[in-house]
Amino acid sequence: MPAQTIFAPAKLNLFLAITGRRADGFHDLLSVVAPLDLGDELRVSEEPTSRTPRFSLRCDDPAVPVDESNLVLRAAQVFAAETGWSGAAHFDLLKRTPVGAGLGGGSSDATATLRALNQLAGNLVGLDTLARLAATLGSDCPLFLQEGPVVMRGRGERIEPLPPSAAKRLKGKRVLVFKPAFGISTAWAYRHLAEPSAQTESTYIPAAVAERRVADWIADPDATVDALLFNTLERVAFGKFVALPTLLERLRVEFGLKPMMTGSGSACFAFLPDDAPLEQLTTTIRQAWGDSAFIVTAKIA
């Protein structure tokens, strides 16, 4: 079979409410997540089964590890172990989604790997099995098997498409995505959220409150995108990385935007009006975060 190229989209958490900590140490959440037309490209080619190692990876970003710590290779091993597929493959990853951003780049790459190998293997398993395998690789991996905006529940493994009428309000919307040079570890963010010193009345959002807010937004055809925006993890990230809230406040005051952080950060985003002064916005972000800041416009896919 000829080599295949799979698009691995980045995502934005438009609404992210952490509703509590589970007995297994993970957290329960409710999130409205939208894919972007920004993302990585994963090229997969089948190799002779005699090759060693069985799976190999090359990436155009030298900062990305290409050993077995990379989710691409971990996903390949998981797929082979589950299905009994005996083939071998090489992966070329064109990295466009920054690392440590909260944009789901690694998770999307892992899910793209599962999809690609399943195609190479002749579609050995169905979507339910792929979703189960994806969940073993990361809490937000299963969402990348869906097309369009979704609602995530549980630790992220329970996925349902956003109703079409609500999804229509999001698709095609233009956003500015921007990230400082530093990243934020997801594990760090959740660990600090759960620390006794962080336990305040507002640490977790009651599940019923979060569900009602999302349900009300879905049901209201006139609700704006801005009315949905929320992220529990901002409180944790902003407490340590003050460069984030400082810039976001400046963008609110000077440009009238409603920026927020996605996931555990450090990437942030803002929906853009048609007349948004992109050059001025870019200058402001670089003044605050330096020339190494990642800045791109994208659309909700």
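This one's a predicted model, so the numbers in the text were calculated from it and none came from an experiment.

Peer 1: Help me out: how do you make sense of the nonpolar core in this one?
Peer 2: One broad trend across soluble globular proteins is that nonpolar side chains are buried collectively. In terms of nonpolar packing, the biggest core is built from 37 residues, with Ile-18, Phe-178, Leu-233, Leu-244, Ile-285 and Trp-289 touching the most fellow members. Broken down by element, this core gets its largest block of residues, five residues, from helix 5 (residues 186-194). When neighbours within four sequence positions are excluded, Leu-233 is seen to be in contact with Leu-16, Ile-18, Ala-189, Tyr-190, Leu-193, Met-261, Gly-263 and Ser-264. With 34 residues, the next largest nonpolar core counts Leu-36, Leu-162, Val-177 and Val-214 among its residues.

Peer 1: I'm lost on unusual backbone geometry in this one. Help?
Peer 2: Trans is the prevailing form of peptide bonds, just as negative phi is the prevailing case for residues other than glycine. In this structure, Ser-266 follows Gly-265 across a cis peptide bond, with omega equal to 10 degrees. Here Asn-123, not a glycine, exhibits a phi torsion of approximately 55 degrees, which is positive. Position of Asn-123 relative to the elements: it lies in the loop between helix 2 (105-120) and helix 3 (127-137). With a relative accessible area of 54%, Asn-123 lands in the exposed category.

Peer 1: I keep staring at helix 6 (residues 207-219) and nothing clicks. Help me out?
Peer 2: Each α-helix turn comprises 3.6 residues. Residues three or four places apart therefore point the same way. The end-to-end C-alpha distance of helix 6 is 18 Å, a good match for the 18 Å that 13 residues give at a rise of 1.5 Å each. Within helix 6 the residues assigned to the buried category are Ala-210, Val-214, Trp-217 and Ile-218. In an axial view of helix 6, the angular spread of the buried residues amounts to 100 degrees, which keeps them on one side of the axis. Away from its buried face, by an angle of more than 90 degrees, helix 6 presents the exposed residues Ala-208, Arg-212 and Ala-219. Against the buried residues of helix 6 lie strand 1 (4-21), strand 2 (27-47) and helix 4 (164-168).

Peer 1: Would you take a moment to explain the environment of Leu-94 for this structure?
Peer 2: Positionally, Leu-94 belongs in strand 4 (residues 88-94). Beyond its immediate chain neighbours, meaning those up to four positions away, Leu-94 contacts Asp-40, Glu-41 and Asp-60.

Peer 1: How should I be thinking about the pairing of strand 5 (residues 150-153) in this particular structure?
Peer 2: Note on strand geometry: in a regular strand, side chains alternate between the two faces of the sheet. Taking every second residue as pointing to the same face, both faces of strand 5 are buried, with Val-150 and Met-152 on one and Val-151 and Arg-153 on the other. Inspection of the sheet shows strand 2 paired to strand 5 by three bridges, in the antiparallel sense. Bridge assignment links Val-33 to a residue of strand 5, and that residue is Val-150. Pairing between strand 5 and strand 6 (residues 158-161): four bridges, direction antiparallel. Looking at strand 6, one finds that Arg-153 is bridged to Arg-158. Here strand 5 folds back onto strand 6, and the loop between the two strands holds four residues, one of which, Gly-154, carries a positive phi near 70 degrees.

Peer 1: Is there a simple way to think about the packing of aromatic side chains in this case?
Peer 2: Between two aromatic rings, the relevant description is the distance of the centres plus the angle of the planes. Under the definition given, this model contains eight aromatic pairs. Between Phe-15 and Phe-230 the ring centres are 5.7 Å apart and the planes differ by 40 degrees, which places this aromatic pair in the tilted class. Of the two residues, Phe-15 is situated in strand 1 and Phe-230 in strand 8 (residues 230-231); the sequence distance between them amounts to 215 residues. According to the relative accessible area criterion, Phe-15 is buried, its value standing at 2%. Judged by centre distance (5.7 Å) and plane angle (40 degrees), the rings of Phe-178 and Trp-289 are tilted. Remark: Trp-289 occurs in helix 9 (residues 278-289) and Phe-178 occurs in strand 7 (residues 174-179); sequence separation between them is 111 residues. Each member of the aromatic cluster is reached from another via a ring pair, and the members are Phe-55, Phe-79, Trp-85 and Phe-91.

What counts and what doesn't
Residues numbered from 1 in each chain as written. Predicted model: local features only at pLDDT ≥ 70, side-chain atom pairs only at ≥ 80, totals over all residues. Heavy atoms only, no water. Core = buried A, V, L, I, M, F, W, Y, C linked by side-chain atoms within 4.5 Å. Buried < 20%, exposed > 50% of the residue type's maximum accessible area, 1.4 Å probe, protein only. Helix = DSSP H or I, 4+ residues; strand = E, 2+ residues; numbered from the N terminus. Contact = heavy atoms within 4.5 Å. Expected span 1.5 Å × (residues − 1). Arc of directions from axis to C-beta. Pairing = 2+ DSSP bridges. Phe/Tyr/Trp six-rings, centres within 6.5 Å; stacked < 30°, edge-to-face > 60°.

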